[in-house]
Amino acid sequence: MSASPPAWLEAGVGHVWRPYCQMKTAPAPLPVARTHGTRIVLEDGRELVDGIASWWTACHGYNHPHIADAVRRQLDLAPHVMFGGLAHEPAYRLAARLAALLPGDLNHAFFAESGSVAVEIAMKMALQYWINRGVAGRTRFLAFLGGYHGDTLATMTVCDPEEGMHSLFAGVLPGQIMAALPVDDVSHAALDAQLAAQAGDIAAILVEPLVQGAGGMLFHDPEVLRRLRALADKHDILLIFDEIFTGFGRTGTLFAMQAAGIEPDIVTLSKALTGGTLPLSAAIASTRVFEAFWSDDPGAALMHGPTYMGNPLACAAANASLDLFEDGAWIANVARLSAGLAQGLEPCRALPGVVDVRVKGAIGVVEFAQAVDTGGLCARFAEQGAWIRPMGKVVYLTPALTMDDDDLALLTGVMLRVLGAGA
Ligand SMILES: *Cc1c(COP(=O)(O)O)cnc(C)c1O
């Protein structure tokens, strides 16, 4: 930990704005030299086992040769061309493959570069769906306590008002309708009543299926999603699933919606879409939504088009990542990781301040009664060879789906030791 920082860090530190960070008081970021497999190699030569898969993106581990080769080939062919008026194989192939993988008729992919922007596009699609159908007044969204959908202005309005990191902007941004998830008959009846009263104002219901990620790794049952589908149908409201975190195997099925056997009207994907290689996201609409835009009227078109829309390098990475899911080996891997996480984290339940230990798919969570010291804990985890970055009250592991048992045991062992010495 004492090696002097590299010159590039010293030269840039006064110029880079870091994410979610009070830069004046936060510990310095760890300088990274390279990555491989499930490891992050620091400039001083130390290797950290990555417990987070770089914010849930690197699902096959870092530098996967199949993805790297695909990106290299595409780099020589065409790194980028505009998507307006031009088409290329990586994006068209990816859209067709995603449509085939997703259940139901989620068949129409709109590509963007980040998760937040995909959610913005899904929200815009939902608003315009009603406008195009000649229905006025459907201007608001219903979202859930504990939810997180991004950091841009519109997505901030559908995050949990307290936990969603955006409470500073309450009053500045338009208020959406916040509800509790229908986890039981009482909350189900309450949501039903709320929708009966306000359906005429609501364009769509927005939810992260099965796991509310950044809002605290909160789990709910597939039954909640079936209730939401039924309520959306009953009150004629669109349903948007934000699978940016849950998509691509994380919860045990390729998409979380498959555990519930129902489909939303629009789904958003990003994070693991390119296997953590390049930024890419998609808002994918069902036929019902798409058909509201399919018209002889130019005014009914979705007027949206990010500059780097459908970037060929990112789409090539995503296609290669999908290839790696094809043999189905990830299913046994997620089950293996799930068992390893449950066994390895169970002893944390006895630690002071811990209120819950829970595992779903390849997500392992230790929750504390109070927010933990993220910076301090990160440093202590790193001293023991693990990259783990707590979030509010939760210390969690979301390893690459390919992580081996030894690396997983290292992570759970480090968590138990460090948390045992005080969070
Ligand atoms: C990360 C995340 C987002 C935002 O994605 P960005 O790429 O960070 O903009 C939105 N929704 C969910 C569920 C996420 O986990």
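First, a word on scope: everything that follows refers to the structure included in this document. (Residues numbered from 1 in each chain as written. Predicted model: local features only at pLDDT ≥ 70, side-chain atom pairs only at ≥ 80, totals over all residues. Heavy atoms only, no water.)

### Side note on the site of the ligand
For clarity, the cut-off: We call a residue near a molecule or strand as soon as one heavy atom of that residue lies within 4 Å of the molecule or strand. A 3.5 Å cut-off defines polar contacts: any pair of N or O atoms within that distance qualifies, except that in protein one atom must be a possible hydrogen donor and the other a possible acceptor, and neighbouring residues in sequence count only when both atoms are side-chain atoms. To be clear on the numbers: accessible area is Shrake-Rupley with a 1.4 Å probe, and residue cover counts the displayed protein chains and nothing else.
As a matter of local geometry, the ligand sits amid Trp56, Ser114, Gly115, Ser116, Tyr148, His149, Gly150, Glu208, Asp242, Ile244, Phe245 and Lys271. Ser116 places a polar side-chain atom, nitrogen or oxygen, 2.6 Å from an oxygen atom of the ligand. In the model, a nitrogen atom of the ligand is placed 2.7 Å from a nitrogen or oxygen of the Asp242 side chain. Protein burial of the ligand: of its 380 Å² of free accessible surface, 84% is covered by the chains.

### A short note on the pairing of strand S12 (residues 281-286)
In plain terms, the rule: A 1.4 Å probe rolled over the protein chains alone gives each residue an accessible area, and that area as a share of the maximum for its type sets the label: buried under 20%, exposed over 50%, partly exposed in between. Runs of E in the DSSP output that reach at least two residues are strands. Runs of H or I that reach at least four are helices, and both are numbered from the N terminus. Here the rule is simple: two strands pair whenever DSSP picks up at least two bridges between them.
With six of six residues buried, S12 lies mostly within the body of the structure. Taking every second residue as pointing to the same face, both faces of S12 are buried, with Ser281, Ala283 and Ala285 on one and Ala282, Ile284 and Ser286 on the other. Sheet topology note: the strand S4 (residues 106-112)/S12 ladder contains six bridges and is antiparallel. Note that in S12 the partner of Phe111 across the bridge is Ala282. Bridging between strand S11 (residues 266-269) and S12 involves four bridges; their strand directions are antiparallel. In the sheet register, Thr268 faces S12, and the bridge partner there is Ala283.

### Brief notes about a nonpolar patch on the surface
Just so we agree on the cut-off: Every patch collects residues that have over 30% relative accessible area and no salt bridge, joining them within 9 Å if they carry like charges and within 5 Å if they are nonpolar side chains (Val, Leu, Ile, Met, Phe, Trp, Tyr). Here a salt bridge means any side-chain nitrogen of Lys or Arg lying within 4 Å of a carboxyl oxygen belonging to Asp or Glu.
Together, Tyr20, Trp55 and Met165 make up an exposed nonpolar region whose accessible area comes to about 320 Å². Here Tyr20 is to be found in the loop between helix H1 (7-12) and strand S1 (32-36).

### Description of helix H11 (residues 312-325)
To keep things clear, this is the line we draw: Each residue after the first adds 1.5 Å to the expected span of a helix. Residues are treated as being in contact if the distance between any of their heavy atoms lies within 4.5 Å.
If you check H11, its first and last C-alpha atoms are 20 Å apart, about what 14 residues at 1.5 Å a residue would give, namely 20 Å. Of all the 14 residues making up H11, 12 are buried; the element is thus mostly covered by neighbouring parts of the structure. All buried positions along H11 are accounted for by Pro312, Leu313, Ala314, Cys315, Ala316, Ala317, Ala318, Asn319, Ala320, Ser321, Leu322 and Phe325. Where H11 is buried, its residues touch helix H3 (65-77), helix H4 (89-101) and helix H12 (329-345). Capping the start of H11, Asn311 holds a side-chain oxygen 3.2 Å from the backbone nitrogen of Leu313, two or three residues further along.

### As for the sheet that holds strand S14 (residues 363-368)
Strands pair in a sheet through their backbones, by hydrogen bonds, and they do so in one of two ways: parallel or antiparallel. The condition is simple: Working convention: axes come from line fits to C-alpha atoms, limited for helices to the stretch in contact. Angles between N-to-C directions cover 0 to 180 degrees.
Reading across the sheet, the three strands line up as S13-S14-S16 and stay open at both edges, with antiparallel pairing between neighbours. What marks the edges here is a single partner per strand, and that holds for strand S13 (354-360) and strand S16 (394-397). Strand after strand, the sheet turns through a mean of 10 degrees between neighbouring axes, direction not considered. In this sheet, S14 lies alongside S13 in antiparallel orientation, the contact comprising six bridges. Considered in S14, the bridge of Val354 is made with Phe368. The strands touched by helix H14 (residues 405-420) are S14 and S16; relative to S16, the strand with the most contacts, the crossing angle is about 160 degrees.

### What to know about the sheet that holds S1
One open sheet holds the four strands; their spatial order is S1-S2-S3-S15, and the pairing between them is mixed. Bordering the open sheet on either side are S1 and strand S15 (386-387), each of which pairs with just one other strand. Relative to strand S2 (residues 39-42), S1 runs antiparallel, the two sharing four bridges. Following the sheet pairing, His36 is matched in S2 by Arg39. Packing of H14 onto the sheet brings it into contact with S2, strand S3 (47-50) and S15, and relative to S3 it is tilted by some 90 degrees.

### Concerning the environment of Ala400
Locating Ala400 in the fold gives a position in the loop between S16 and H14. We classify Ala400 as buried; its relative accessible area is 3%. For Ala400, the residues in contact, after removing those within four places along its chain, are Thr38, Ala53, Ala58, Cys59, His60, Gly61 and Leu337.

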